[in-house]
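A closer look at the structure
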Amino acid sequence: MHDCIIIGAGVAGLGLGWQLADRGVDVLVLERDRAGAGASRAAAGMLAPTAELEFQEIELLELGRASLEMYPEFVDELETASGMDLDYRTEGTLVVAGDRDEGEALDRIYNYQRRLGLDVEKLSTEAVREREPALTPDLHRALACPSDHQIDPEQLIDALVEALDRAGGMLRESCAVQKVRCEDGQVRDIVTEDDEHLEADRVVVAAGAWTGQIDGIPSGILPHVRPVRGEMIATDLGDPPVCEHVVRAPHLTRPDVYMVPKSDGRLIIGATSEERGFDSRLTAGGIFELLWGSKRVLPALYDRHIQDMWTGFRPVTLDGEPVLGPTDIEGLWLATGHGRNGILLTPLTAYGLVDAILEDALPDVLEGFTPTGSLQ
Ligand SMILES: Cc1cc2nc3c(=O)[nH]c(=O)nc-3n(C[C@H](O)[C@H](O)[C@H](O)COP(=O)(O)OP(=O)(O)OC[C@H]3O[C@@H](n4cnc5c(N)ncnc54)[C@H](O)[C@@H]3O)c2cc1C
């Protein structure tokens, strides 16, 4: 019998697992593949609530800002707990418009960001090219979002695994949960693919885009979470690096493209946003769009070498908001539906849910995101 079983070792499950173990809870994290194998290792690692702001996403913005504020402390704590360095970078994000229409759209978003009091600055083409000389001179507008940071998701996962272990928590990889058995309105146990039955006072479903595949939970309890596929490319950064900031190039009719330089010498280029279920095959069209969109604003990319390409599945709910907290089934909790913001929301998910579980005190900022309050 464990105090807590967490299903899924992405950033949501591992962050919460580490925090629980650190407070003396007997926690077991079950992962059917290897830690981070879902969306988490596929991510670019942008922590960018300002640059990624979309109209009508005020609640998500508040959530993202609250989590971003926690990041420096979270990184310090995790580096100490794991003994590993995390590539947390604070150069900020530049958003660039490649033509006049995109420039107009950028102006509208800038006015909205300013009205919300966000940390954003308009830059002339000359000023943005002083910060990133390899950007094309043909830009029509640019914004700087200095408070939007980034982290390396691979290192984040590795550090969370190590910290969980050092805190006395357990991780079992290659162990798929098939079913959560519920009886009389409470969790009885979980059943693995190998028909092993494991009991815990609490079970947390943190299975990302695969949340709906877990059997046994009465209907209406789990939110509808679907996979929104993203294709990604890694090139080498070059010497000197083609860029040092995160660069975003929103497009009006084609996928927005971003370029994220990493300290290990990679440049991550992402990402498409596709409704193709769990098909993990790369497409010529997706890769073409990423290369076209990135080379358009950063022409020097033409000579960089492709190192890797992959797909990942964002766990997206009907209203695009995460679902965090206790359900109507006693002992059953959810930490899922983080969509395109799961890396950003890692500290808030971990700290917020650990307080909710151990002190019965859900932080105010999570109020609108509980399973009972969310759109099913
Ligand atoms: C291409 C791409 C780029 C992204 N870029 C960013 C970004 O820049 N910034 C940002 O904040 N977010 C980004 N995201 C979003 C972010 O990656 C996700 O929101 C986040 O990783 C979700 O974490 P999670 O732990 O909820 O899910 P996951 O990482 O998917 O973890 C769920 C885990 O559960 C396991 N699992 C599933 N079913 C079972 C089962 N039955 N039994 C046991 N284990 C199971 C899976 O194998 C998986 O490892 C991006 C996502 C993609 C796809």
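Residues numbered from 1 in each chain as written. Predicted model: local features only at pLDDT ≥ 70, side-chain atom pairs only at ≥ 80, totals over all residues.

Observations concerning the pairing of strand β4 (residues 93-97)
In terms of residue burial, β4 counts as a mostly covered element, since 5 of its 5 residues are buried. By the alternation rule, side chains of β4 split into T93, V95 and A97 and L94 and V96, which are all buried. Sheet topology note: the β4/strand β6 (residues 141-145) ladder contains 5 bridges and is antiparallel. Bridging from a neighbouring strand, L94 pairs with A144 of β6. (Buried ≥ 20, exposed ≤ 12 C-beta atoms within 10 Å, placed from the backbone. Helix = DSSP H or I, 4+ residues; strand = E, 2+ residues; numbered from the N terminus. Pairing = 2+ DSSP bridges.)

Considerations on the environment of P299
Here P299 lies in the loop between α6 (284-297) and β17 (306-317). For the pair P299 and S280, spaced 19 residues apart in sequence, the C-alpha to C-alpha distance is 29 Å.

A closer look at the sheet that holds strand β13 (residues 225-236)
Taken together, the 8 strands give an open sheet; going across it, the order is β5-β6-β4-β14-β15-β16-β13-β17, and neighbouring strands pair in mixed fashion. The open sheet has two free edges, formed respectively by β5 (121-123) and β17, since each of these has just one partner strand. Each neighbouring strand pair of the sheet contributes to a mean axis angle of 25°, computed without reference to strand direction. Two elements, β4 and strand β14 (residues 246-249), share 3 bridges in a ladder whose sense is parallel. Within β14, the residue paired with V95 across the bridge is R248. The strands touched by helix α3 (residues 100-115) are β4, β5 and β6; relative to β6, the strand with the most contacts, the crossing angle is about 35°. (Axes fitted to C-alpha atoms, helices over the stretch in contact; angles between N-to-C directions. Contact = placed C-beta atoms within 7 Å.)

So, the site of the ligand
Contacts to the ligand come from 44 residues, most closely from G10, G38, G208, G230 and G342. When residues of the shell around the ligand are traced back to their parent elements, those giving at least two are α1 (11-22), β13 and β17. A total of 4 residues in the shell around the ligand trace back to one element, the largest contributor, which is β17. Residues belonging to the shell around the ligand are distributed by class as follows: 24 nonpolar, 15 polar and 5 charged. (Near = placed C-beta within 6 Å. Nonpolar A, V, L, I, M, F, W, Y, C, P; charged D, E, K, R; others polar.)

Section: α1
In this model, α1 (12 residues) spans 16 Å end to end at C-alpha, consistent with the 16 Å of a helix rising 1.5 Å per residue. Within α1, 11 of the 12 residues are buried, which leaves the element mostly enclosed by the surrounding structure. If you check which residues of α1 are buried, you get V11, A12, G13, L14, G15, L16, G17, W18, Q19, L20 and A21. In the stretch just after α1, G24 is the one whose phi turns positive, near 85°. (Expected span 1.5 Å × (residues − 1).)

Here we look at α3
Taking 1.5 Å per residue as the helical rise, α3 with its 16 residues ought to reach 22 Å, and the 23 Å between its terminal C-alpha atoms agrees with that figure. Downstream of α3 by one or two residues, G117 has phi in the positive range, about 75°.

Brief notes about the packing of helix α2 (residues 58-82) against helix α5 (residues 153-166)
The geometry of α2 relative to α5 is characterised by a closest axis approach of 8 Å and an angle of 60° between their N-to-C directions. Compared by their axis directions, α2 and α5 come out oblique. Judged by the sense of rotation from one axis to the other, the crossing of α2 with α5 is left-handed. Two secondary-structure elements touch here, α2 through L78, A81 and S82 and α5 through A159, L160, E162, A163 and R166. Looking at the contact of α2 with α5 residue by residue, the class counts come to 5 nonpolar, 1 polar and 2 charged. (Parallel < 35°, antiparallel > 145°, perpendicular 65-115°, else oblique. Left-handed = near helix turned anticlockwise from the far one by under 90°.)

Considering the nonpolar core
Ranked by internal contacts, the top residues of the largest apolar core, which has 110 residues, are I7, L14, L16, V96, L160, V204 and V247. Composition of this core by domain shows at least three residues from each of domain 1 (2-64 + 154-224 + 318-373) and domain 2 (93-146 + 226-316). If sequence neighbours within four positions are ignored, L160 has contacts with V11, L14, G15, W18 and L78. (Core = buried A, V, L, I, M, F, W, Y, C linked by C-beta atoms within 7 Å. Domains from an automatic or database assignment.)

Some remarks on the environment of I306
Here I306 is to be found in strand β17. The exposure class of I306 is exposed, given the 12 C-beta atoms found within 10 Å. Residues I306 and H140 lie 166 residues apart in sequence; the distance between their C-alpha atoms is 28 Å. Sequence-distant contacts of I306, that is, excluding residues within four places in its chain, are made with I233 and T235.

Considerations on the domain arrangement of the chain
Domains assigned within the chain are domain 1 (2-64 + 154-224 + 318-373) and domain 2 (93-146 + 226-316). Once you take the C-alpha centre of each, domain 1 and domain 2 turn out to be 29 Å apart. On the domain 2 side, the residues contacting the 22 residues of domain 1 number 26 residues. Taken together, the residues that form the side of domain 1 that touches domain 2 break down as 10 nonpolar, 11 polar and 1 charged.

Some details on unusual backbone geometry
Residues D239 and P240 are joined by a peptide bond in cis, for which omega reads 0°. On the secondary structure map, P240 appears in the loop between β13 and β14. Backbone geometry at D184 places phi at a positive 50°, although glycine is not the residue there. The topology assignment puts D184 in the loop between β9 (177-183) and β10 (186-192). Of note in this structure, D195 is not a glycine but carries a positive phi near 65°. As for its position among the elements, D195 is in the loop between β10 and β11 (197-198). Its 8 C-beta neighbours within 10 Å are what place D195 among the exposed residues.

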